[in-house]
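# Summary of structural features
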Amino acid sequence: MLKVAVVRFPGSNCDFDALRAAERVGTNAYLVWHRDSSLQGADVVILPGGFSYGDYLRSGAIARFSPVLRAVSAHARAGGAVLGICNGFQILCEAGLLPGALMRNARLKFLSRPVRVRVEAPDTPFTRSYGRGEELTLPIAHGDGRYVADAQTAAELEANGQVVLRYVTDNPNGSMHDIAGVCNAGRNVVGIMPHPERRNAQLLGGQDGARVFLSLEARNATQHAGDMRAVDGRHLRV
């Protein structure tokens, strides 16, 4: 059974949402405290959303010094799958595990609403159950979600296909190139601003985020995306 470690920081508020979403697809998901030095043999690591350390200094700037980040970094360097959602994305950028940075939203307002995004990279551990160009509706909840990078980095991201999700119809926070998520060059570390764990069942308004977690089992079982869509319908109908 796939082991999924959900890292919990002071101020995390989506840790149990991510935990339940991972459990729902059949993984052995468990919480890891930010002071821990071990991931307990995790196959996958999720850094959930929230306000780690109250978002003091910059979002994710203090959390990146937590002891567990050394284990997360080692896991990532060894090719292990890591997903950062919202605040988790900010932490991964602050830790240097992803390029670029997340800055204050363009209009300096906290945003909490559904947005439309397009899957640009279906070849990561967390998107392999989606099709390239597939559009999803997912919720956002952030004040520091404007993705920025220098011109060279932005060009490399586009050239290497490292943009994972892109806003369509509306860019809510002013992110450059409408970027809503990116991955590292090795494609095993992914950061996204929208919250898939908040839209993974009909009870939550839809299942557009469910396949982020089903992709983990697809990777583990080496199944095709089409097979996992069938699993989606069987297990996630409520």
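In case you missed it, the structure is sitting above this.
Residues numbered from 1 in each chain as written. Predicted model: local features only at pLDDT ≥ 70, side-chain atom pairs only at ≥ 80, totals over all residues. Heavy atoms only, no water.

### Structural notes on the overall build of the chain
Basically, it comes down to this: Going along the chain from the N terminus, every DSSP run of H or I of four or more residues is numbered as a helix, and every run of E of two or more is numbered as a strand. Buried means the residue's accessible area, taken with a 1.4 Å probe over protein chains only, is under 20% of the maximum for its type, while exposed means over 50%, and partly exposed covers the values in between. Positive charges come from Lys and Arg, negative ones from Asp and Glu, while His and the chain ends are left out of the count. Charged groups are reduced to one reference atom each: NZ for lysine, CZ for arginine, CG for aspartic acid, CD for glutamic acid.
Scanning the chain for helices and strands turns up six helices and 11 strands. When the backbone C-alpha atoms are referred to their principal axes, the chain occupies close to 45 × 40 × 35 Å. Across the 238 residues in the chain, those meeting the buried criterion constitute 56%. Taken as two groups, the 27 positive and 22 negative side-chain charges of the chain have centres that lie 2 Å from each other.

### Some thoughts on the pattern of salt bridges
Applicable threshold: What counts as a salt bridge is simple: a side-chain nitrogen of Lys or Arg found within 4 Å of a carboxyl oxygen of Asp or Glu.
Scanning all chains against the criterion turns up 11 salt bridges. With a closest N to O distance of 2.6 Å, Asp 15 and Arg 8 form a salt bridge. Residue Asp 144 pairs with Arg 104 through a salt bridge whose shortest N-O separation is 3.2 Å. Remark: Arg 104 occurs in the loop between strand 5 (101-103) and strand 6 (111-119) and Asp 144 occurs in the loop between strand 7 (135-142) and strand 8 (146-148); sequence separation between them is 40 residues. A relative accessible area of 40% places Arg 104 in the partly exposed class. Connected through shared salt-bridge partners, Arg 118, Glu 120, Glu 158 and Arg 166 make up one network.

### Here we look at the pairing of strand 9 (residues 163-167)
Under the convention used in this document: Strands are labelled as partners when DSSP assigns at least two bridges between them.
Buried residues dominate strand 9, accounting for five of its five residues. As judged from the three bridges shared by strand 6 and strand 9, these two strands associate in the antiparallel manner. Counterpart to Arg 118 in the pairing with strand 9 is Arg 166. As judged from the three bridges shared by strand 9 and strand 10 (residues 179-183), these two strands associate in the antiparallel manner. Opposite Arg 166, over in strand 10, you have Ile 179 as the bridge partner.

### Examining the packing of aromatic side chains
Our working rule: Note on aromatic contacts: the rings of Phe and Tyr and the six-membered ring of Trp form a pair at centre separations within 6.5 Å, being stacked when their planes are under 30 degrees apart, edge-to-face when over 60 apart, and tilted otherwise. Counted as over-ring charges are cases with an Arg CZ or a Lys NZ within 6 Å of the ring centre that also lie within 35 degrees of the ring normal.
One pass over the structure, following the stated rule, counts two aromatic pairs. Measuring from ring centre to ring centre gives 6.1 Å for Phe 89 and Tyr 147, while their planes differ by 20°; the resulting arrangement is stacked. Residue Phe 89 is found in helix 3 (residues 87-94), and its partner Tyr 147 is found in strand 8; the two are separated by 58 residues along the sequence. As far as burial versus exposure is concerned, Phe 89 and Tyr 147 are alike and both buried. Here the basic side chain of Arg 64 rests over the ring of Phe 65, its NZ or CZ set 4.5 Å away from the ring centre.

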